[in-house]
Amino acid sequence: MSGSLLVDNIGELVTNGAGEGPLGIRRDAAVLVEAGRVVWVGPSAYAPAADHHVDAGGAAVLPGFVDSHAHLVFAGDRAPEFAARMAGQPYTGGGIRTTVGATRAATDEELRATVRRLRGEALRQGTTTMEIKSGYGLTVADEARSLRIAAETSTETTFLGAHVVPAEYADRPDDYVGLVCGPMLAAAAPYAKWIDVFCERGAFDVDHARAILACGQAAGLGVRLHANQLGPGPGVQLGVELDAASVDHCTHLSDADVAALADTAHSDGSGTRTVATLLPGAEFSTRSPYPDARRLLDVGVTVALATDCNPGSSYTSSMPFCVALAVREMRMTPAEAVWAATAGGARALRRDDIGVLTPGARADLVVLDAPSHLHLAYRPGVPLIRQVIRNGVPQ
Ligand code: NIG
Ligand code: FE
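Bear in mind the structure is a predicted one, so any value in this text is a computation, not a measurement.

> Before we move on, can you summarise the overall build of the protein with the specific residues and values?
Within the protein one finds 13 helices and 17 strands. A compact globule built from 395 residues would reach a C-alpha radius of gyration of about 21 Å, and the protein, at 20 Å, matches this within 12%. For the protein, the spread of C-alpha atoms along the three principal axes comes to 70 × 45 × 45 Å. Surface summary for the protein: the accessible area is close to 14,600 Å², and the carbon and sulfur share equals 53%. One way to put it: in the protein the 33 positive side-chain charges average out to a point 2 Å from where the 44 negative ones average out.

> A description of the pattern of salt bridges should follow, citing residues and the corresponding values.
Close approach of charged atoms allows side chains of opposite charge to pair. Under the counting rule described, the total for this entry stands at 28 salt bridges. The partner of Arg78 in a salt bridge is Glu81, with the nearest N and O atoms 2.7 Å apart. Among the ionic pairs, Lys133 bridges to Asp196, the shortest N-O distance being 2.8 Å. Of the two residues, Lys133 sits in strand S8 (residues 132-133) while Asp196 sits in strand S10 (residues 194-199), which places them 63 residues apart along the sequence. In terms of burial, Lys133 and Asp196 fall into one category: buried. Bridged by salt links that share partners, the residues Asp108, Asp142, Arg145 and Arg148 form one connected network.

> Kindly report on the sheet that holds strand S12 (residues 246-249), identifying the contributing residues and their values.
In spatial order, the strands read S8-S9-S10-S11-S12-S13-S14; together these seven strands make up an open sheet with parallel pairing. Only two strands of the sheet have a single neighbouring strand rather than two, namely S8 and strand S14 (303-305). Both S10 and strand S11 (residues 222-227) contribute to a ladder of four bridges, which runs parallel. Among the inter-strand pairings, Phe198 is bridged to a residue of S11, identified as His226.

> Give a description of helix H4 (residues 140-151) that names residues and reports values.
The terminal C-alpha atoms of H4 lie 17 Å apart, and with 12 residues this matches the ideal 16 Å at 1.5 Å per residue to within 8%. Against helix H2 (96-105), helix H3 (108-124), S8, strand S9 (157-162) and helix H5 (173-188) lie the buried residues of H4.

> I'd like to hear about the nonpolar core, residue by residue, with values.
Membership of the largest hydrophobic core comes to 89 residues, with the highest contact counts inside it found for Phe159, Tyr176, Phe204, Leu296, Leu305 and Met332. Grouped together as the second largest cluster of nonpolar side chains are 18 residues, Leu5, Val7, Ile10 and Val33 included.

> Could you give me a rundown of the site of ligand 1, with the residues and numbers involved?
As a structural note, the neighbourhood of ligand 1 is formed by 15 residues, with Arg78, Tyr91, Tyr136, Gln229 and Ser313 the closest of them. Tyr91 is positioned with one of its side-chain polar atoms (N or O) 2.5 Å from an oxygen atom of ligand 1. Within the contact set of ligand 1, an oxygen atom lies 2.5 Å away from a side-chain nitrogen or oxygen of Ser313. Coverage of ligand 1 by the protein amounts to 100% of the 320 Å² it exposes when considered alone. In this structure the site holding ligand 1 corresponds to the largest cavity. In the shell around ligand 1, the residues fall into four nonpolar, nine polar and two charged.

> Quick rundown of the environment of Ile212? Include the residues and the values.
Looking at where Ile212 falls in the secondary structure, it is placed in helix H6 (residues 206-218). Taking relative accessible area as the criterion, Ile212 reaches 1% and is therefore assigned buried. With 32 residues separating them in the primary sequence, Ile212 and Val180 have C-alpha atoms 7.2 Å apart. Beyond its immediate stretch of four places on either side in the chain, Ile212 contacts Ala162, Val177, Val180, Cys181, Ile195, Val197 and Phe204.

> Residues and numbers for the packing of H4 against H5, please.
Between H4 and H5, the least distance of the axes is 8 Å, while the angle of their chain directions is 40 degrees. One way to sum up the angle between H4 and H5 is to call them oblique. Regarding H4 and H5, the two cross each other, and that crossing is right-handed. Residues Val140, Glu143, Ala144 and Leu147 of H4 form the contact with H5, whose participating residues are Leu179, Pro183, Met184, Ala187 and Ala188.

Cut-offs applied
- Residues numbered from 1 in each chain as written.
- Chains lettered and ligands numbered in written order.
- Predicted model: local features only at pLDDT ≥ 70, side-chain atom pairs only at ≥ 80, totals over all residues.
- Heavy atoms only, no water.
- Helix = DSSP H or I, 4+ residues; strand = E, 2+ residues; numbered from the N terminus.
- Rg over C-alpha atoms; globule rule 2.2 N^0.38 Å.
- Areas by Shrake-Rupley, 256 points an atom, 1.4 Å probe, with all protein chains shown as cover.
- Lys, Arg positive; Asp, Glu negative; His and termini not counted.
- Charge placed at Lys NZ, Arg CZ, Asp CG, Glu CD.
- Salt bridge = Lys/Arg side-chain N within 4 Å of Asp/Glu carboxyl O.
- Buried < 20%, exposed > 50% of the residue type's maximum accessible area, 1.4 Å probe, protein only.
- Pairing = 2+ DSSP bridges.
- Expected span 1.5 Å × (residues − 1).
- Contact = heavy atoms within 4.5 Å.
- Core = buried A, V, L, I, M, F, W, Y, C linked by side-chain atoms within 4.5 Å.
- Near = heavy atom within 4 Å.
- Polar contact = N/O pair within 3.5 Å; in protein donor to acceptor, adjacent residues only side chain to side chain.
- 1 Å grid on protein atoms, 1.4 Å probe; cavity = no way out; pocket = protein on both sides within 12 Å on 5 of 7 lines; lining within 4 Å.
- Sits in = over half its atoms within 2 Å of the grid points.
- Nonpolar A, V, L, I, M, F, W, Y, C, P; charged D, E, K, R; others polar.
- Axes fitted to C-alpha atoms, helices over the stretch in contact; angles between N-to-C directions.
- Parallel < 35°, antiparallel > 145°, perpendicular 65-115°, else oblique.
- Left-handed = near helix turned anticlockwise from the far one by under 90°.

Right, dumping it as structure tokens:
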């Protein structure tokens, strides 16, 4: 869209910057957008003229959601596995290999169609930035093509060749780690910004995880990891050791894990360098206990919320659903959950141009069909996203 765009008559604007409360709320506000950026925020009554106009009609407007953890490149689904869990089977991660088989057998066009479908679903639910991981290919060629396809849709792409040890390497995991650090990383790195490892009993132990993440860092990738999902373990502290942007899941934390995260606090009081990304869709879908976000928030750890969208442990693309779960089940206030789903996700990706609506930020706005951000948790399951503007362009 060429020319400027004015969104005015905003009853409640969540800026995550200057304003009332932790969300930086401004009332009766307007936002002016030019060339995909926010250039002015102020009272609606004083809004400048613009070439295009969106009347929010007194509704709430917030930054687009930043979903910092999603696995979108896969084929098939695992609905029967979900049904078995709901009948009492535990989640062990063993189904990942089922999806690996289906993904390897799929064509590029089939994988691309799934990514587009899920990205479209998420966009309609207010997600304007979505991280996308590989991790269901687990061969050099299949990881590289997964990331090539992911990179068509997002700049936030993550190499997860160390998701599980594939069946053909089951009795020689060291060889698989060598493959991941060598030819697989070389083939994946041109399309990836981040490297991730599933550090968990049954997946990769701490020594393998450290080795793989260090190789990724040496290749210029940023570190994030799946940690402490299925049980207590060393993942969170490994993430802190390696200056990970984010440790994700954090379902089973010791006091030492929480303290290690708190110790990464920035000196200016702006939160922690390593973010704890909580994924309540996974607890919902695996019928696991939810992490206690309060325990992290109360000692100053920066918390993000993300969907973990994947066919096994969390087949949802809905950030509003995750916000509602976090408030109901994880002791977050609605304001904390909305912040975590927007600015928190941006921190988890080490971005300061998204997740906020302040001058200079990317113009990613969500107009709610509601007068306040509170309704995202108060009205769970209701389609409250009236309009999405991404990069200054109404979708
Ligand atoms: O984040 N934990 C590892 N990976 C995914 C699950 C993948 C799957 O079950 O297919 C997760 O929950
Ligand atoms: Fe995940």
